[in-house]
Amino acid sequence: MTNTLLEHSDHPDHPDRLDDRDAGSTVGPDRPFTVTRRAVLATGAAAAATAPLLQMEFASAQTGSPLPSPSQGAIALRTTVNGEAVTVFLDTRTSLLDVLRETLNLTGTKKGCDHGQCGACTVHVDGRRVASCLTLAAKAEGRSVTTIEGLSSGDALHPMQQAFIDHDALQCGFCTPGQIMGAVACVNEGHATSPESIRESMSGNLCRCGAYVTIVTAISDAARRMGEA
Ligand code: FES
Ligand code: FES
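This structure is a prediction, so every number in the text was calculated from the model and none was measured.

### Here we look at the confidence of the model for the protein chain
Here is step 1 of the chain: When pLDDT is averaged along the protein chain, the result is 79, and 67% of the positions lie at 70 or above.
Here is step 2 of the chain: Per-residue pLDDT stays below 50 along residues 20-34; that stretch engages in 23 contacts with residues further than four places along the chain or on separate chains.
Here is step 3 of the chain: Scored below 50 in pLDDT, residues 44-65 shows 49 contacts in the model against residues more than four places distant or in partner chains.

Here's what the structure looks like:
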């Protein structure tokens, strides 16, 4: 990893970050999974059916910790996730990533480093990409959160998801949800104007499989489809 890989708006030190660097603890990568590439890219298909789960009772996303109660300092978080109004009760220290994965069962967003360095946990908050592992869930109060599950429209993939399929822009797929969320932001921010600009904008999203060439190609293609290039 070079410094260049971290020098963009998702870098932990970037002034525009919504993240909180001290949230969470180190947890290893997800278990391996075997699914089709389309399923990887459209993880919202199954997860969207779990919308009723979004009305959760008291829960803590801190793995292994006891469930908080109002008397123990739990707060109510009212936010919108993938267009659904959500109310959850949580410990104030809970990261947005843990709420998404552990409380709302939206496991498309991956936990890689849990330290803001890999981009696997990238989601959008009010349209801006953030590293959800470094973002306190409480900061999503009154905001709109979009995860990979909320990107497609029913069976219709987002142009970025389709471009990743068309250009074979993944190998194991672990980094792919974060790559796609970062890529959509890259296009929307007007950075998909050249391969160099795309690489700079996407430098916070790491791929251990080294699929960078096809990822850049997919983003260029999707930008054309989205009319933003
Ligand atoms: S898991 Fe959040 S940046 Fe790596
Ligand atoms: S496709 Fe395997 S880490 Fe990116």
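Still more ground to cover, so stick around.
### Here's the deal with the packing of helix H4 (residues 159-166) against helix H5 (residues 176-188)
Here is step 1 of the chain: The geometry of H4 relative to H5 is characterised by a closest axis approach of 9 Å and an angle of 125° between their N-to-C directions. If you check the angle between H4 and H5, you find them oblique. For the pair H4 and H5, the crossing hand works out as right-handed. For the pair H4 and H5, contact is made by Met160, Gln161 and Phe164 and by Thr176, Ile180, Ala183 and Val184, respectively.

### Side note on the environment of Glu149
Here is step 1 of the chain: By the element assignment, Glu149 lies in the loop between strand S5 (144-146) and H4.
Here is step 2 of the chain: Separated by 67 residues in sequence, Glu149 and Asn82 place their C-alpha atoms 7.4 Å apart.

### Things to note about the packing of H5 against helix H7 (residues 212-226)
Here is step 1 of the chain: Running from amino to carboxyl end, H5 crosses H7 at an angle of 50°, the nearest separation of the two axes being 10 Å. Regarding the angle of H5 to H7, the classification is oblique. The way H5 lies across H7 gives a crossing that is right-handed. Contacts between H5 and H7 involve Gln179, Ala183, Cys186 and Val187 on the former and, on the latter, Ile215, Ile219, Ala222, Ala223 and Met226.
Here is step 2 of the chain: For the contact of H5 with H7, the class distribution of residues is 8 nonpolar, 1 polar and no charged.

### A look at the nonpolar core
Here is step 1 of the chain: By size, the foremost hydrophobic cluster in this structure holds 51 residues, and its most contacted members are Ile180, Ala183, Val184, Cys186, Val187, Ile219 and Ala222.
Here is step 2 of the chain: Counting residues per element, the ones that place at least two in this core are strand S1 (75-81), strand S2 (84-90), helix H3 (96-103), strand S4 (128-131), H4, H5 and H7.
Here is step 3 of the chain: With 7 residues, H5 is the single largest residue contributor to this core.
Here is step 4 of the chain: The residues that make up this core include at least three from each of domain 1 (3-37 + 46-150) and domain 2 (159-226).

### Considerations on unusual backbone geometry
Most peptide bonds are trans, and most residues other than glycine sit at a negative phi.
Here is step 1 of the chain: Here Asn82, not a glycine, exhibits a phi torsion of approximately 50°, which is positive.
Here is step 2 of the chain: Locating Asn82 in the fold gives a position in the loop between S1 and S2.
Here is step 3 of the chain: By the C-beta count within 10 Å, which is 22 here, Asn82 ends up buried.
Here is step 4 of the chain: Its identity as a non-glycine residue notwithstanding, Asp168 has a phi of 55°, on the positive side.
Here is step 5 of the chain: Its place among the elements puts Asp168 in the loop between H4 and H5.
Here is step 6 of the chain: Taking the C-beta count within 10 Å as the criterion, Asp168 has 13 such neighbours and is therefore assigned partly exposed.

### Here we look at the sheet that holds S1
Here is step 1 of the chain: One open sheet holds the 5 strands; their spatial order is S2-S1-S5-S3-S4, and the pairing between them is mixed. Edge positions in the sheet fall to S2 and S4, since each has one partner strand and no second. If you compare each strand with its neighbour and ignore which way they point, the axes differ by 40° on average.
Here is step 2 of the chain: With 2 bridges joining them, S1 and S5 adopt parallel strand pairing. Pairing of Thr80 across the sheet is with Ser144, part of S5.

### Observations concerning the pairing of strand S3 (residues 122-125)
Here is step 1 of the chain: Across 4 bridges, S3 lies against S4 in antiparallel orientation. The residue of S4 that forms the bridge with Val123 is Val130.
Here is step 2 of the chain: Taken together, S3 and the strand that follows it, S4, pair antiparallel across an intervening segment of 2 residues, in which Asp126 is found at a positive phi of about 50°.
Here is step 3 of the chain: One ladder, built from 2 bridges, connects S3 with S5; its direction is antiparallel. Each bridged residue has a counterpart across the sheet, and for His124 the counterpart in S5 is Thr146.

Cut-offs and rules
Residues numbered from 1 in each chain as written. Chains lettered and ligands numbered in written order. Predicted model: local features only at pLDDT ≥ 70, side-chain atom pairs only at ≥ 80, totals over all residues. pLDDT = per-residue confidence, 0-100. Contact = placed C-beta atoms within 7 Å. Axes fitted to C-alpha atoms, helices over the stretch in contact; angles between N-to-C directions. Helix = DSSP H or I, 4+ residues; strand = E, 2+ residues; numbered from the N terminus. Parallel < 35°, antiparallel > 145°, perpendicular 65-115°, else oblique. Left-handed = near helix turned anticlockwise from the far one by under 90°. Nonpolar A, V, L, I, M, F, W, Y, C, P; charged D, E, K, R; others polar. Core = buried A, V, L, I, M, F, W, Y, C linked by C-beta atoms within 7 Å. Buried ≥ 20, exposed ≤ 12 C-beta atoms within 10 Å, placed from the backbone. Domains from an automatic or database assignment. Pairing = 2+ DSSP bridges.

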